[in-house]
Amino acid sequence: MTKLYERIVKNAPLFLGMSFLIVILIGAMLLSLPIASADGNSIGFVNAFFTSSSATAVTGLVVANTATQWSTFGKVVIITLIQIGGLGTITLFSITTVLLGKRVSLQQRLLVKEQLNITSMSGIVKWVIYVTKITFLIEFIGALLLSFSLIPKFGFKTGIWYSIFHAISAFCNAGFDLFGNSIVPYSGDIYINMIICGLVIIGGLGFLVYMDIYNSRNFRNLKMHSKVVISVSVLLLFIGTIATLLIEYDNSLSIGDFSFGHKVLASFFQSTVTRTAGFNSIDIGQVHDATAIIYILLMFIGGSPASTAGGLKTTTFAVMVFSTIGMVRGDHDIVIFNRKIEREVILRALAITIVCISLVVIVTMAITIVEHDRFDSLDILFESVSAFGTVGMSRGITPHLSDISKIILGFTMFIGRVGPTTLAVGLMKTKPSSIKYASGKILVG
């Protein structure tokens, strides 16, 4: 049994990666069928692969307008892929096993443990049921709230469909939309904006944080992991909002012509979705370069472990920041919330950060070479980070990329969804990454 455990843990990254890749390929085949396109003509395998990768990796980059390109069949395939990608392939497979009355195998339990970033093997089946229930509950509430606004606009049938689609897309941090121009038509609608933002924020916090908040009910009583996730998320949200508001205040191509309240709302919305959701309420291609650079940093950091978000992860970012501050100050120990960080955790966070930065650099260079300077370097970097962070925001170049670049970005989205997790698993081996303290652990990766 010990040898079996060690073998499964050793191969966990491979199993996790292969499960996502299989789903992507199945989705690509379905989306390449003529029936998936609204005009009855196949979009081609490369574009179908790109779209399937974007949906399964809950990214949101698109080569064609989702509202007009895809038939009802194609849109159902896309939202199904988003749901699978948001929950996680192994989690869905395990809940299916439970529903069929079968026993969840040791292999499935170990893979769920790694996919959800759970530090213990105890109660894995309960965790799977909890994650599934809370996901569907939040999506149902989100769809219900959206329906109050969308049904009067689009009618009952279309309004319900739009509400369900956008609730799933927002909570899973995917960013696909059926409006035709993301949330731009509703940039001043505080009701729609707040619901979408709420779903995105909740989806990006992570299932472990939900449970901790429910059990603790007080920030002081939260575990270290939850405190770090919430603190970093709030800080980044604030920085992104203020930066967008100040830099874009007089830019008539983005928020310059809005009223002050509208500017604040649009800035808050963009700061919320930039870290991993991919919606946009302003034209991202028209924002100042300084704003684009800030968005690149936010996209790279991403969401939190055990969430529907991608990116480096807030906890890894926090460990790197506090470690840097501590080293500059000459502190012997690196401390977060009065808890000492183990040296092993710092090295692990450093390794993950370097690998992630290296991936973005390689992808950016590869696309720059392939495209022969057809696009601005900043736009290509923006696209590469968006793909890696499974964000889905673009400065407008996605549909115009060559097939080779689309394939590169397709695999980048795949790696961005499973890479940081599988890398963390590979670095962990059989020992979980943690900051040890009296009431829990902080997860890195």
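Refer to the structure above for everything that follows.
Residues numbered from 1 in each chain as written. Predicted model: local features only at pLDDT ≥ 70, side-chain atom pairs only at ≥ 80, totals over all residues. Heavy atoms only, no water.

This part covers the overall build of the protein. Helix and strand counts for the protein come out as 17 helices and two strands. Sorting the 445 residues of the protein into buried and exposed places 58% on the buried side. Counting only contacts in the protein whose residues sit at least 6 apart along the sequence, the fraction spanning at least 24 positions is 71%. When the accessible surface of the protein is totalled, it reaches about 18,500 Å², and 67% of it is carbon and sulfur. (Helix = DSSP H or I, 4+ residues; strand = E, 2+ residues; numbered from the N terminus. Buried < 20%, exposed > 50% of the residue type's maximum accessible area, 1.4 Å probe, protein only. Contact = heavy atoms within 4.5 Å. Areas by Shrake-Rupley, 256 points an atom, 1.4 Å probe, with all protein chains shown as cover.)

Now for helix α14 (residues 314-329). The end-to-end C-alpha distance of α14, which contains 16 residues, comes to 22 Å, matching closely the 22 Å that a straight helix rising 1.5 Å per residue would cover. On its buried side, α14 packs onto α11 (224-248), α13 (289-301), β1 (335-336) and α15 (343-371). Taken from the residues just after α14, G330 is the one with a positive phi, measuring 80 degrees. (Expected span 1.5 Å × (residues − 1).)

What the rule picks out here adds up to six salt bridges. In this structure, D289 and R395 form a salt bridge, with 3.6 Å as the shortest nitrogen-oxygen distance. Placement of D289 in helix α13 and of R395 in the loop between α16 (377-388) and α17 (403-428) is noted, with a sequence separation of 106 residues between them. Judged by its relative accessible area of 13%, R395 is buried. Among the ionic pairs, E371 bridges to R374, the shortest N-O distance being 2.5 Å. (Salt bridge = Lys/Arg side-chain N within 4 Å of Asp/Glu carboxyl O.)

This brings us to the layout of surface pockets. The calculated volume of the largest pocket comes to roughly 590 Å³. Contributing to the lining of the largest pocket are 31 residues, with V62, N181, S182, N280 and S394 lying nearest its centre. Split by residue class, the lining of the largest pocket holds 12 nonpolar, 16 polar and three charged. (1 Å grid on protein atoms, 1.4 Å probe; cavity = no way out; pocket = protein on both sides within 12 Å on 5 of 7 lines; lining within 4 Å. Points joined across faces, edges and corners; volume = space filled by probe spheres on them. Nonpolar A, V, L, I, M, F, W, Y, C, P; charged D, E, K, R; others polar.)

Attention now moves to the packing of aromatic side chains. In total, this model carries 10 aromatic pairs according to the counting rule given. Taken together, a centroid distance of 6.2 Å and an interplanar angle of 20 degrees make the contact between F154 and F179 stacked. Of this pair, F154 sits in helix α7 (residues 124-154) while F179 sits in the loop between α8 (156-171) and α9 (190-205), and the two are 25 residues apart along the sequence. Judged by relative accessible area, which is 31%, F154 ranks as partly exposed. The buried category is assigned to F179, whose relative accessible area is 18%. Measuring from ring centre to ring centre gives 6.3 Å for F219 and F337, while their planes differ by 65 degrees; the resulting arrangement is edge-to-face. You can see F219 sitting in the loop between α10 (207-216) and α11 and its partner F337 sitting in the loop between β1 and β2 (339-340), a full 118 residues away along the chain. On the basis of relative accessible area, F219 is assigned to the partly exposed category, the value being 37%. (Phe/Tyr/Trp six-rings, centres within 6.5 Å; stacked < 30°, edge-to-face > 60°.)

Here α14 crosses α15 at 115 degrees, and the two axes come no closer than 9 Å. Overall, the two elements α14 and α15 adopt an arrangement that is roughly perpendicular. The hand of the α14/α15 crossing is left-handed. Contacts between α14 and α15 pair T316, V319, M320 and S323 from the former with V345, I346, A349, L350 and T353 from the latter. (Axes fitted to C-alpha atoms, helices over the stretch in contact; angles between N-to-C directions. Parallel < 35°, antiparallel > 145°, perpendicular 65-115°, else oblique. Left-handed = near helix turned anticlockwise from the far one by under 90°.)

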